[in-house]
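# Inside the fold
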Amino acid sequence: MIGGYPVRTLRGKRALVTGAAGGIGRAIAFALAREGAELFLVDIDEPRLRESAREAAAFGSRVHFEICDISSSAAVSRCIAACTGMFHGLDILVNSAGVLRYGVQYEMDAESWKAVMSINLLAPIQFVQELWPALADQRESHILNVCSVVGLVPVRKLASYQTSKFGLVGFSLAMRTLGVRYNIGVTALCPGLVDTPMIEQM
């Protein structure tokens, strides 16, 4: 984990979490809910997102959700507008949504590369850029980008995924240097293999 300045208190904080229908995003959403954060959960998988929202609310937190295809920049902007309009600000941004394409790099078509890069790298960048003013307006705020250990070390047959995660690690480091001036902490979380639905694709 490449860490930034932590938010000292989570209770009452407003958090947007992408990829909240399953895997790491879902686990982070539940952890925030247990600490009393108010949640805005985002995913494209409506049935599982509704389930995540229902279970998170069982911890006593207020939970909102938005069905969103984050591969579309227009959809991301609409999602951000819905979140900031509802919360009137934001304290925590968690970019956890991600996709994986497994296979030999030269056998992957352009659409597969585009899908991975748009969701794993370009969408997190857009969320950060468009939400930066809202985060900077708080006394303390934090951005958590869920990257991967393969964003640090090479591995076979994951070229597009690895490229996107290397990029997200680099972006996180760049924004961390800027965040110091605005009391915005930035963390790049780089877990190893985790038992999530994404691993089934491998």
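Scroll up to find the structure.
I will try to describe carefully the structure that is included in this document. The model shown is predicted, which means the values in this text are computed figures rather than measured ones.

Turning to the overall build of the protein, a few remarks are in order. Looking only at helices and strands, the protein has six helices and six strands in total. When the elements of the protein are put in sequence order from the N terminus, they spell out β-α-β-α-β-α-β-α-β-α-β-α. Taking 2.2 N^0.38 as the reference for a compact globule, 202 residues should give roughly 17 Å; the C-alpha atoms of the protein span a radius of gyration of 16 Å, in line with that estimate. Its C-alpha atoms give the protein principal-axis dimensions of roughly 45 × 40 × 30 Å. Considering only contacts within the protein whose residues lie at least 6 apart along the sequence, 73% involve residues at least 24 apart.

Let us look at the packing of helix H3 (residues 73–87) against helix H4 (residues 110–136). Two elements in contact, H3 and H4, have axes separated by 10 Å at closest approach and are oriented at 40°. Considered as vectors, H3 and H4 are oriented oblique to each other. The hand of the H3/H4 crossing is right-handed. Contact with H3, carried on its side by Ser73, Val76, Ser77, Cys79, Ile80 and Thr84, involves Gln126, Phe127, Glu130 and Leu131 of H4 and no other residues of that element. In the contact of H3 with H4, the residues fall into five nonpolar, four polar and one charged.

This part is about the pairing of strand S6 (residues 184–189). Counting buried positions along S6 yields five of six residues, so the element is predominantly enclosed. Two strands pair when backbone bridges link them, and strand S5 (residues 141–146) and S6 are joined in this way by six bridges, in the parallel orientation. Opposite Ile143, over in S6, you have Val186 as the bridge partner. Tracing the backbone out of S5, into helix H5 (residues 159–179) and back to the parallel element S6 gives a crossover that is right-handed.

Reading the values: the criteria
- Residues numbered from 1 in each chain as written.
- Predicted model: local features only at pLDDT ≥ 70, side-chain atom pairs only at ≥ 80, totals over all residues.
- Heavy atoms only, no water.
- Helix = DSSP H or I, 4+ residues; strand = E, 2+ residues; numbered from the N terminus.
- Rg over C-alpha atoms; globule rule 2.2 N^0.38 Å.
- Contact = heavy atoms within 4.5 Å.
- Axes fitted to C-alpha atoms, helices over the stretch in contact; angles between N-to-C directions.
- Parallel < 35°, antiparallel > 145°, perpendicular 65-115°, else oblique.
- Left-handed = near helix turned anticlockwise from the far one by under 90°.
- Nonpolar A, V, L, I, M, F, W, Y, C, P; charged D, E, K, R; others polar.
- Buried < 20%, exposed > 50% of the residue type's maximum accessible area, 1.4 Å probe, protein only.
- Pairing = 2+ DSSP bridges.
- Right-handed = clockwise from strand over helix to strand, strands pointing away.

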